[in-house]
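# Geometric and topological summary
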Amino acid sequence: MQMLSTHGLTIGYRNGSKVSPVMHDIDLQLHGRCLTALLGRNGIGKSTLLRTIAGSQPALSGKVELAGRDLQEYDAGELSHSLSLVYTDRTQAGGLTVRQLVSLGRYPHTGFFGRLDSHDREVVTEAMAATGIEHKSAAFVAELSDGERQKAMIARALAQETPVILLDEPTAFLDVASRIEVMTLLHRLAREQNKAVLLSTHDISQALLLADELWVITHDHHALQGCTEDLILSGAMQQMFNPSERGSVTFDPAIGDFEAPLQAVCGYMVECTDPVLRHWITNALHRNGIAATGTAGTITAVTRDDITLSLPDGTATHCTSIAGLLASISHVSE
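A few points on the structure. Everything numeric in this text was worked out from a predicted model, so none of it was measured. (Residues numbered from 1 in each chain as written. Predicted model: local features only at pLDDT ≥ 70, side-chain atom pairs only at ≥ 80, totals over all residues. Heavy atoms only, no water.)

### Re the layout of surface pockets
Empty space within the largest pocket amounts to approximately 250 Å³. What lines the largest pocket is simply Asp252, Ala254, Ile255, Glu259, His279, Trp280, Thr282, Asn283 and His286. At five residues, helix α9 (residues 275–287) tops the list of elements feeding residues into the lining of the largest pocket. Its residues assigned to classes, the lining of the largest pocket comprises three nonpolar, four polar and two charged. (1 Å grid on protein atoms, 1.4 Å probe; cavity = no way out; pocket = protein on both sides within 12 Å on 5 of 7 lines; lining within 4 Å. Points joined across faces, edges and corners; volume = space filled by probe spheres on them. Helix = DSSP H or I, 4+ residues; strand = E, 2+ residues; numbered from the N terminus. Nonpolar A, V, L, I, M, F, W, Y, C, P; charged D, E, K, R; others polar.)

Laid out in structure tokens, this is it:
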């Protein structure tokens, strides 16, 4: 189900009579039960796009529709019932408990005095439980880890009970385990609670693993949308960087991530039936400027401590580690 869409949207900034557009003619859709990742290089306009579709920054032209209705027709109260936003900034709410912070999400529903009734308190408890932060409900936000703090902010957005949730770099300050946990949480919440969740991120590997759809901003400021796997196979990821910049980084669809291009000085054919072992042997060769294919010799790997380096002259060296393999190749090259 389509919950949010843009039509001929142009985003950017006005300063008096000066207009500075960032992107033109954006046509995108956000769907329910779907985690969508917004990808693009730094400075391309991801945060500007999020602020514009959230209604916190005016569009230069075109329109945003929320539930089939022009966003400009919503007043602040209506918008707070339809859309919630989690910014990348570290929250400055250290003096609040987690329950108090999450309860802030109920204020659009509580009337002039902001008093929580039993239903509001139940929603807050359910939001904390859904994000796995309920056990910290009495703790002060200042006492939380970065990952726990981000879960509390997501719980606040859930307590707001909006069909659309927008997040700007929600994993920016998190360690690897917390990034995976938060991304998995957002994917689960989108499915289980029928939310349209859009997040901007530089965590490419997790986005490609868990996002149902991608919004990819290309180097020339166009927006591409589609199923994650379809966009990867179409070559869309390569368009994130200008061709003149791609000399230092390329996207490898086989591993789903960007990497530095290989300047190979030689190449060895790798024979290995274990895909994990083959990957890490190839990784080691790549790091040392050696291609995993070529005529310099053959690497036959059975296990990580049973690797044989065979040369065209018929000599062979048995290696008991990848480090030993690299040392043997280095010796041959001397």
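### Digging into the packing of α9 against helix α10 (residues 322–333)
The N-to-C vectors of α9 and α10 enclose an angle of 40°; their axes lie 11 Å apart at closest approach. Relative to α10, the element α9 lies oblique. In this structure, the crossing between α9 and α10 has a hand that is right-handed. Residues Trp280, Ile281, Ala284, Leu285 and Arg287 of α9 pack against Ile322, Leu325, Leu326 and Ile329 of α10. Across the contact of α9 with α10, the residue classes tally to eight nonpolar, no polar and one charged. (Axes fitted to C-alpha atoms, helices over the stretch in contact; angles between N-to-C directions. Parallel < 35°, antiparallel > 145°, perpendicular 65-115°, else oblique. Left-handed = near helix turned anticlockwise from the far one by under 90°. Contact = heavy atoms within 4.5 Å.)

### Brief notes about the sheet that holds strand β15 (residues 269–271)
Within the open sheet, the four strands sit side by side as β15-β17-β18-β19. Their pairing is mixed. Unpaired on one side and paired on the other, β15 and β19 (316–319) mark the two borders of the sheet. If you compare each strand with its neighbour and ignore which way they point, the axes differ by 20° on average. Pairing of β15 with strand β17 (residues 298–303) involves three bridges; the strand directions are parallel. Looking across to β17, one finds that methionine 269 is bridged to threonine 298. The sheet strands contacting α9 are β15, β17 and β18 (306–310), and the helix crosses β17 at an angle near 140°. Across the sheet, α10 lies against β17, β18 and β19, angled at about 10° from β18, the strand it touches most. (Pairing = 2+ DSSP bridges.)

### Concerning the sheet that holds strand β4 (residues 34–39)
The mixed open sheet is built from six strands, whose spatial order is β7-β8-β9-β4-β10-β11. Among the strands making up the open sheet, the edge pair consists of β7 (83–86) and β11 (223–227). With direction set aside, neighbouring strand axes in the sheet form an average angle of 15°. Where strand β10 (residues 213–217) and β11 come together, five bridges link them in antiparallel fashion. The residue bridging glutamate 213 from the neighbouring strand is cysteine 227, located in β11. On top of the sheet, helix α5 (residues 146–159) reaches β7 and β8 (164–168); it is set at about 170° to β7, its chief contact. Contacting β4, β8 and β9 (196–200), helix α6 (residues 176–192) crosses the sheet at an angle of about 135° to β4.

### Comments concerning the environment of cysteine 319
Here cysteine 319 is to be found in strand β19. For the pair cysteine 319 and leucine 309, spaced 10 residues apart in the sequence, the C-alpha separation amounts to 7.5 Å. When neighbours within four sequence positions are excluded, cysteine 319 is seen to be in contact with Asp305, Asp306, Ile307, Gly324, Leu325 and Ser328.

### Focus on the packing of α5 against α6
Between α5 and α6, the shortest axis-to-axis distance is 10 Å and the interhelical angle comes to 15°. It follows that α5 is roughly parallel to α6 by the angle criterion. In this structure, α5 crosses over α6, and the sense of that crossing is right-handed. On α6, the residues that touch Gly147, Lys151, Ile154 and Leu158 of α5 are Ser178, Glu181, Val182, Leu185, Leu186 and Leu189.

### Concerning the packing of aromatic side chains
Here the structure, examined in full by the defined rule, presents two aromatic pairs. Seen in terms of ring centroids, phenylalanine 241 and phenylalanine 258 are 5.3 Å apart; in terms of plane orientation they differ by 80°. Their pairing is edge-to-face. Taken together, the residues phenylalanine 241 in the loop between α8 (228–234) and β12 (250–252) and phenylalanine 258 in strand β13 (residues 257–259) connect sequence positions 17 residues apart. With 5.1 Å between their ring centres and 65° between their planes, phenylalanine 251 and phenylalanine 258 make a pair best called edge-to-face. For phenylalanine 251, a relative accessible area of 5% gives the class buried. Linked through ring pairs, Phe241, Phe251 and Phe258 together constitute an aromatic cluster. One residue, arginine 69, lies across the ring of tyrosine 74, its end atom 4.3 Å from the ring centre. (Phe/Tyr/Trp six-rings, centres within 6.5 Å; stacked < 30°, edge-to-face > 60°. Buried < 20%, exposed > 50% of the residue type's maximum accessible area, 1.4 Å probe, protein only. Lys NZ or Arg CZ within 6 Å of the ring centre and 35° of its normal.)

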